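Analysis of the macromolecular model
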Number of protein chains: 2
Amino acid sequence: MSVRIYFDNASTTPLLPEVFNYMHEVNSLIYGNPSSIHFFGRQAKIIVEDARKILAEGLGASTGEIFFTSGATEANNMALYCSVRDLGIQTIISTKIEHHCNLHMFDYLEANNLASIKYLNVNNEGHIDYDQLDEILCQNNDNVMVSLMHGNNEIGTLNDMERLAEICHNHNVMLHMDSAQTIGKMPIDLSDEKVAFISGSAHKFHGPKGVGFIYINNNNLIKPLFHGGDQERGMRSGTENISGIAGMAKAFELASSEMEDRTKILSELRQYFVQQLQDNFEDIIINGSSSSFLPNILSVSFPPSENVDMLMMNLDISGICASSGSACSSGVENDSHVLEEIGHDPKRKTVRFSFSHLNTKKEVDYVISKLHKLTPERIS
Amino acid sequence: MSVRIYFDNASTTPLLPEVFNYMHEVNSLIYGNPSSIHFFGRQAKIIVEDARKILAEGLGASTGEIFFTSGATEANNMALYCSVRDLGIQTIISTKIEHHCNLHMFDYLEANNLASIKYLNVNNEGHIDYDQLDEILCQNNDNVMVSLMHGNNEIGTLNDMERLAEICHNHNVMLHMDSAQTIGKMPIDLSDEKVAFISGSAHKFHGPKGVGFIYINNNNLIKPLFHGGDQERGMRSGTENISGIAGMAKAFELASSEMEDRTKILSELRQYFVQQLQDNFEDIIINGSSSSFLPNILSVSFPPSENVDMLMMNLDISGICASSGSACSSGVENDSHVLEEIGHDPKRKTVRFSFSHLNTKKEVDYVISKLHKLTPERIS
């Protein structure tokens, strides 16, 4: 078999064997509907509620604050749309470097005159200006919420959840954080009740695709996005994805208990990769924050040249799977709204390499060796 | 191990080994994101598109008309909400015996003055009056759609999709059919383009939970319910549930190819069960249609007595899993809105036994023997 290196873990991650085996077990043994009151139903209910407990405990939340969804897209749509519809939110403060599931919801809310959006400045590292946020919140008389991603999916820049929670708490406004990229990678503690909503997708932390969750702080009682059988205590109707929920909880449990080790592996891998790039290639730019970033995301930009135009395709042909930005589009290589916003030179070519703890330095070496052939701007 | 008989297949069904194995294979081999343009992404994309093709071909639809969702609840919510929001629907014609995911959406639309709902009469078998529908459509000047379930989940009564499609087509109004209970059990042919929307949930036909689909006729271009990464050609954002989608397609394929055999097994099982009940117990009523019904649903009502009050619990203790109505609620035994609507005497006790082709006559015998002990109203 030819070489295949998967450096696109910010897009999605492989299932871990433990997760796979647990889902397999659940799928072969448990098939009741958790809403059924009989034996098979109760069996399924236990799986769902155990999973909820694992997530709640790991996030410092109560079990009543965790609701299972089909993923982070649904969760973020719920947080934003339902807050506007049910809690009288008139203005959302965010940035232009959010994930499309939030940006496109902003567009929808504005286009339909349901809410107005204020976009904070971001600097060339993708950081917001916390003072600007504070200032806007001081001046604002609308019913406001702040919506920011915890870790940026393209460049890895982190927002300080604690600091944001404090600012929002002081101004008595809700904070929604899209934490799809950070769940299972960063410790998140919601126990002080200062964050209104966070979201997660299992497939970003080695769990299954098609399942996620929303944390809804007990103080912010939105109404559901779906109407139906009143599952999830009325908040999210539809028969529960039992094995998916079970797999997500298992993946979350593993990610939490191994967080320190994984972070070490990822940080070393990233550092090694950066060093190799800087040692071997001229005019390399590492996009994103130099101070606060996700250890699994390395967004690197190469100077313009004929060769780099075909870089993504040639990497793919060489068996290296990386991304030019986010994966959430129609399978075409689009210009990145994030890179544009942080002032990235559009003539340069950016590749996002994103790792998991399963990747190795040997794989980095292979990528570097291939890049030697694919970009002529190497240091001679 | 003690006896466990699963007669609650209208609530949810066990995964078939073939489905389980295929999902297992996909889960172990394919982990790319279908939106990624590299090798791993393309692998995943192929799984999704192959699944779409299987569903489309089986339903007489084009692949562009099938969109994957988290289940039928989401699909039905989409059909109803988005038709009102995007296609100017002012009035929905339906009945009061629909599934809660439709009824609760009707309530939402009415409560928010988004649409008005007209409820058709249903007779004591759960059948609508087709002439009444035709009449209402003749008189109506609003922008109308008709929304009816294909097969009722509690009593099994079938609506005639072809006849409804014809009526709606003649009046130039859209028809939405919640086909969660009939997908994989009845032949459905959408090729004449007269049905606007149908919905399905994989777990109702031995596929996985947490995945379903909506058929959206090419002529009715609603906008999406979710906003995000523009997956599913922009109609349904969120990373695709690859193994779930694969499992659904496999389950659908099996259900389609085995439909005749399964229907025979189910019909015989139901007939045998009815005969046994009538031979052994007094004052038994079979709820629902006597002419057009799902072969897997048997809703039977017992005369009032002290014993039948505890019937569901005692069946459960005896290892028999059945339902008092639909499973889609908060795990409590509620009065059924369907039974109420068809004029069922609330003092009588209804049990819904629902089968799959995996059930046997021996299991029916066991249930009858247990019922002998649990209900004293037997024929002596």
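Before reading further, recall that the structure is shown in the block above.
As a starting point, this report considers the structure included with it. (Residues numbered from 1 in each chain as written. Chains lettered and ligands numbered in written order. Predicted model: local features only at pLDDT ≥ 70, side-chain atom pairs only at ≥ 80, totals over all residues. Heavy atoms only, no water.)

What follows covers the interface of chain B and chain A. Contacts between the two partners involve 60 residues from chain B, matched on the other side by 60 residues from chain A. Between chain B and chain A, roughly 5,200 Å² of surface is buried when both sides are summed, and carbon and sulfur atoms account for 61% of that area. When the buried area of chain B at its contact with chain A is split by residue, Tyr31, Lys209 and His227 of chain B rank highest and sum to 13% of it. Between the two partners, chain B and chain A, sit two salt bridges. Arg42 of chain B serves as the salt-bridge partner of Asp316 of chain A, at 2.5 Å between the closest nitrogen and oxygen. Scanning the region where chain B abuts chain A turns up 26 residue pairs in polar contact (both at pLDDT 80 or more). Counting only elements with at least two residues in the side of chain B that touches chain A, the list comes to helix H1 (17–29), helix H2 (39–59), helix H3 (72–87) and helix H4 (100–111) of chain B. Looking at the side of chain B that touches chain A, its residues break down into 21 nonpolar, 28 polar and eleven charged. (Contact = heavy atoms within 4.5 Å. Buried area = accessible area lost by both parts, 1.4 Å probe. Salt bridge = Lys/Arg side-chain N within 4 Å of Asp/Glu carboxyl O. Polar contact = N/O pair within 3.5 Å; in protein donor to acceptor, adjacent residues only side chain to side chain. Helix = DSSP H or I, 4+ residues; strand = E, 2+ residues; numbered from the N terminus. Nonpolar A, V, L, I, M, F, W, Y, C, P; charged D, E, K, R; others polar.)

Each aromatic ring pair is summarised here by two numbers: the centre-to-centre distance and the angle between the ring planes. Overall, the coordinates contain 27 aromatic pairs over all chains when judged by the stated rule. An aromatic cluster of three or more residues is present, and its members are Tyr6 of chain A together with Tyr31, Phe39 and Phe40 of chain B. (Phe/Tyr/Trp six-rings, centres within 6.5 Å; stacked < 30°, edge-to-face > 60°.)

All names here are of chain B. Of all six residues in strand S5 (residues 144–149), six are buried, a share of seventy percent or more. Burial along S5 is two-sided: the face carrying Val144, Val146 and Leu148 and the face carrying Met145, Ser147 and Met149 are both buried. For strand S3 (residues 91–94) and S5, the ladder comprises three bridges, and the chain directions are parallel. Bridging across to S5, Ile93 finds its partner in Val146. As paired elements, S5 and strand S6 (residues 174–178) share five bridges and run parallel to each other. Among the inter-strand pairings, Leu148 is bridged to a residue of S6, identified as Met177. (Buried < 20%, exposed > 50% of the residue type's maximum accessible area, 1.4 Å probe, protein only. Pairing = 2+ DSSP bridges.)

Here the focus is the relation of the copies chain B and chain A. Note on the identical chains: chain B maps onto chain A by a rotation of 180 degrees and an axial translation of 0.0 Å, with an RMSD of 0.0 Å. What the superposition gives is, in effect, a two-fold axis relating one chain to the other. Closest approach to the rotation axis among the C-alpha atoms of chain B is made by Ser70 of chain B, whose C-alpha sits 3.0 Å away. Comparing interface residues between copies, 100% of those in chain B also sit at the interface in chain A, which points to an isologous, same-surface contact. (Least-squares fit on C-alpha atoms with pLDDT ≥ 70 in both.)

Let us look at helix H1 (residues 17–29) of chain A. Taking 1.5 Å of rise per residue, the 13 residues of H1 of chain A would be expected to cover 18 Å, and the 18 Å separating its terminal C-alpha atoms lies within 8% of that figure. Among the residues of H1 of chain A, those classed as buried are Val19, Phe20, Met23, Val26 and Asn27 of chain A. All buried residues of H1 of chain A project into a common sector of 130 degrees when viewed along the axis, lining one side. Residues of H1 of chain A that are exposed and point more than 90 degrees away from the buried face comprise Pro17 and Leu29 of chain A. Against the buried residues of H1 of chain A lie helix H2 (39–59) and helix H7 (242–257) of chain A together with H1 of chain B. (Expected span 1.5 Å × (residues − 1). Arc of directions from axis to C-beta.)

All names here are of chain B. The antiparallel open sheet is built from three strands, whose spatial order is S9-S10-S12. Two strands lie at the open edges of the sheet, namely strand S9 (285–287) and strand S12 (349–354), each paired on one side alone. Going from strand to strand, the sheet's axes swing by 30 degrees on average, the running direction of each strand aside. As paired strands, S9 and strand S10 (residues 297–302) are joined by three bridges and run antiparallel to one another. Bridging across to S10, Ile285 finds its partner in Ser301. Docked against the sheet, helix H8 (residues 259–280) engages S9, S10 and S12, running at close to 10 degrees with respect to S10. (Axes fitted to C-alpha atoms, helices over the stretch in contact; angles between N-to-C directions.)

Geometric descriptors of this kind do not, in isolation, establish any biological role.
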